[in-house]
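Spelled out, the chains give:
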Amino acid sequence: MKKNLGLFASCIMFFGLTQTGHADVSGIWLTVDGKSQVEIANCDGDKFCGKIIWLKEPNDKNGSPKKDTNNRDDNKKDRPILGINLLQGLEKSGDNEWDDGSIYNPEDGETYSSEVKMINADTLEVKGCVLFICKEQIWDRVK
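Quick notes on the rules
- Residues numbered from 1 in each chain as written.
- Predicted model: local features only at pLDDT ≥ 70, side-chain atom pairs only at ≥ 80, totals over all residues.
- Heavy atoms only, no water.
- Helix = DSSP H or I, 4+ residues; strand = E, 2+ residues; numbered from the N terminus.
- Contact = heavy atoms within 4.5 Å.
- Areas by Shrake-Rupley, 256 points an atom, 1.4 Å probe, with all protein chains shown as cover.
- Pairing = 2+ DSSP bridges.
- Axes fitted to C-alpha atoms, helices over the stretch in contact; angles between N-to-C directions.
- Disulfide = S-S within 2.5 Å.
- Buried < 20%, exposed > 50% of the residue type's maximum accessible area, 1.4 Å probe, protein only.

### Re the overall build of the chain
Helix and strand counts for the chain stand at one helix and eight strands. Ordered by position in the sequence, the α and β elements of the chain form the string α-β-β-β-β-β-β-β-β. Of the contacts formed within the chain by residues at least 6 apart in sequence, a portion of 39% connects residues at least 24 apart. Surface exposure of the chain reaches about 9,200 Å², of which carbon and sulfur atoms provide 52%.

Take a look at the structure:
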């Protein structure tokens, strides 16, 4: 009987998320391969932003905090990766979807247009696009 109640509760949570549109993208998310954690929160009115709050490998080979050395802006190459605003300006565009934002990739120093979609309460699909070419990642909720 307890198994059935757990399954029933899971179904209610899933259908509640997908049909009512009350998903909350706010929280802490683990990126692909567990490389980093990004905290997504409301910013700038009704938009959402995401900041790197944890790195699996926070230091370079010399033991110093990793810097944003690939940034195209020479003035930002010396800033630490930890604390960078990775996602910016995401606006709610539909049930469980946010669009019209941007995502910065410290690995290549480029900023891409971005959109995110909640697959379920603990899974986020994150896309970065240039023109019509998009790369997507699945992030898992930490909390």
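Now that the structure has been shown, the text picks up again.
### As for the environment of Cys49
For Cys49, the position within the fold is in strand S3 (residues 47-55). Spatially, the C-alpha atom of Cys49 lies 6.5 Å from that of Leu90, the residues being 41 residues apart in sequence. In contact with Cys49, other than residues within four places in its own chain, are Glu39, Ile40, Ala41, Cys43, Leu87, Gln88 and Gly89.

### Side note on the sheet that holds strand S8 (residues 133-141)
In spatial order, the strands read S1-S2-S3-S4-S5-S6-S7-S8; together these eight strands close into a barrel with antiparallel pairing. On average, adjacent strands in this sheet sit at an angle of 35° to one another, irrespective of strand direction. In this sheet, strand S6 (residues 110-120) lies alongside strand S5 (residues 97-105) in antiparallel orientation, the contact comprising seven bridges. Residue Tyr104 lies in a different strand from S6, and its bridge partner there is Thr111.

### Digging into the state of the cysteines
By definition, a disulfide links two cysteine residues through a covalent bond between their sulfur atoms. By the definition in use, this model includes two disulfides. Paired by a disulfide, Cys43 and Cys49 hold their sulfur atoms 2.0 Å apart. Handedness of the Cys43-Cys49 disulfide follows from its S-S torsion of about 60°: it is right-handed. This pair shows no difference in class: Cys43 is buried, exactly as Cys49 is. What links to what in the chain: the bonded cysteines, counted in sequence order, pair as 1-2, 3-4.

### Remarks on the environment of Thr69
By the secondary structure assignment, Thr69 is in the loop between S3 and strand S4 (85-94). Placed 39 residues apart in sequence, Thr69 and Asp108 show a C-alpha to C-alpha distance of 9.2 Å.

### Thoughts on the environment of Ile84
Here Ile84 lies in the loop between S3 and S4. As for Ile84 and Ile52, which are separated by 32 residues in sequence, their C-alpha atoms are 5.6 Å apart. In this structure Ile84 touches Gly50, Lys51, Ile52, Asp68, Arg79 and Tyr104, once residues within four positions along its chain are discounted.

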